[in-house]
Amino acid sequence: DDDVELIFEHIQPGAASKLEEYAADLTPLDQGRRPYEAGYEAAEQFWEDWSGEIDLRQKGRVDVAGIVKSFGVTVTRVKFSDSGLRGAALAGRNLHPVIFINAANSYNREPAGARFTMAHELCHLLYDRHYGREVGVASGPWAPQRVEQRANAFAAMLLMPGELIEKYLSEGESRNWSLEFVENMADELGVGWLALVEHLYNQGAINLDPRERLKEERWDGPGA
């Protein structure tokens, strides 16, 4: 009940935003497709639609805060009693769109985690309107799994598009994708190292062996 009251405190009336206009023209995602494929495709379409119109990058990384702001979305950091809730997103007619970042969730304590949550919630605001004319989605362990997987894939591709990843590929291969190199790469891109490793694997930049080796070195190595 306290969390619901907290959300209501941040609900504000508003006119149609750029987010509403863009979302209205989007083709609903195919629910029969694999979630990660649908999420990647949606993010690639987003890049195609907007890369020439808004400044999507800042200092070699994707300016996700600038993206959501340009669409008229307010991002607010709150502390929900449910620490398992990563974030929430609300939008609808005559409603100012808002993304909530849960400060009580351990994932959001680091800037990279909060950036990923922001991109994840943007996917919900854009694509998860088949539930109704308004959308209210909370991202947590009890949220629909396929919807969450798709939003995670969207966030990964939005924050780590191919053209940003490509400049690291040859250097990564020459360094045999060392843990130090991947951690530095994640820092430069402003993403979590595990999200980066999974994205590199899904994109075919690394195969299963270095993927598992990196996890073992990070979690089981000296000082882990």
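Worth saying up front: this structure is predicted, and the values here are computed from it rather than measured.

A closer look at the pattern of salt bridges
Here the structure, examined in full by the defined rule, presents 7 salt bridges. Ionic pairing is found between Lys-215 and Glu-198, a salt bridge with its closest N-O pair at 2.7 Å. Residue Lys-215 is located in helix H10 (residues 208-220), and its partner Glu-198 is located in helix H9 (residues 193-202); the two are separated by 17 residues in the primary sequence. By relative accessible area, Lys-215 is classed as buried at 15%. Each member of the salt-bridge network shares a partner with another, and the members are Glu-198, Arg-211, Glu-212 and Lys-215.

Structural notes on the nonpolar core
Phe-46, Leu-126, Phe-154 and Leu-196 are the most contacted members of the largest nonpolar core, which totals 57 residues. Residue contributions to this core peak at 9 residues, all from helix H5 (residues 111-127). In contact with Leu-196, not counting residues within four places along its chain, are Met-160, Ile-165, Val-182, Met-185, Ala-186, Leu-189 and Val-191. Listed in part, the 9 residues of the second largest apolar core include Val-78, Phe-80, Val-98 and Phe-100.

What about the environment of Ala-155?
Looking at where Ala-155 falls in the secondary structure, it is placed in helix H6 (residues 145-159). It is 9.8 Å that separates the C-alpha atoms of Ala-155 and Ala-42, two residues lying 113 residues apart in sequence. Among residues more than four places away in sequence, those in contact with Ala-155 are Phe-116, Ala-119 and His-120.

Concerning helix H8 (residues 179-189)
For H8, the complete set of buried residues consists of Leu-179, Phe-181, Val-182, Met-185, Ala-186 and Leu-189. Summarising the axial view, the buried residues of H8 lie within an arc of 160 degrees, below the 170-degree limit, and thus occupy one face. Across H8 from its buried face, at more than 90 degrees, point the exposed residues Glu-180 and Asp-187. Looking at the packing, one finds that the buried side of H8 touches strand E2 (61-62), H5, helix H7 (162-174), H9 and H10.

Some points on unusual backbone geometry
What is expected of a backbone is that most residues other than glycine have negative phi and most peptide bonds are trans. One non-glycine residue, Asn-176, lies in the positive phi region at around 55 degrees. Inspection of the secondary structure puts Asn-176 in the loop between H7 and H8. Overall, Asn-176 belongs to the exposed group, its relative accessible area being 53%. Within the chain, Trp-177 stands out as a residue other than glycine whose phi angle is a positive 50 degrees.

Rules of the game
- Residues numbered from 1 in each chain as written.
- Predicted model: local features only at pLDDT ≥ 70, side-chain atom pairs only at ≥ 80, totals over all residues.
- Heavy atoms only, no water.
- Salt bridge = Lys/Arg side-chain N within 4 Å of Asp/Glu carboxyl O.
- Helix = DSSP H or I, 4+ residues; strand = E, 2+ residues; numbered from the N terminus.
- Buried < 20%, exposed > 50% of the residue type's maximum accessible area, 1.4 Å probe, protein only.
- Core = buried A, V, L, I, M, F, W, Y, C linked by side-chain atoms within 4.5 Å.
- Contact = heavy atoms within 4.5 Å.
- Arc of directions from axis to C-beta.

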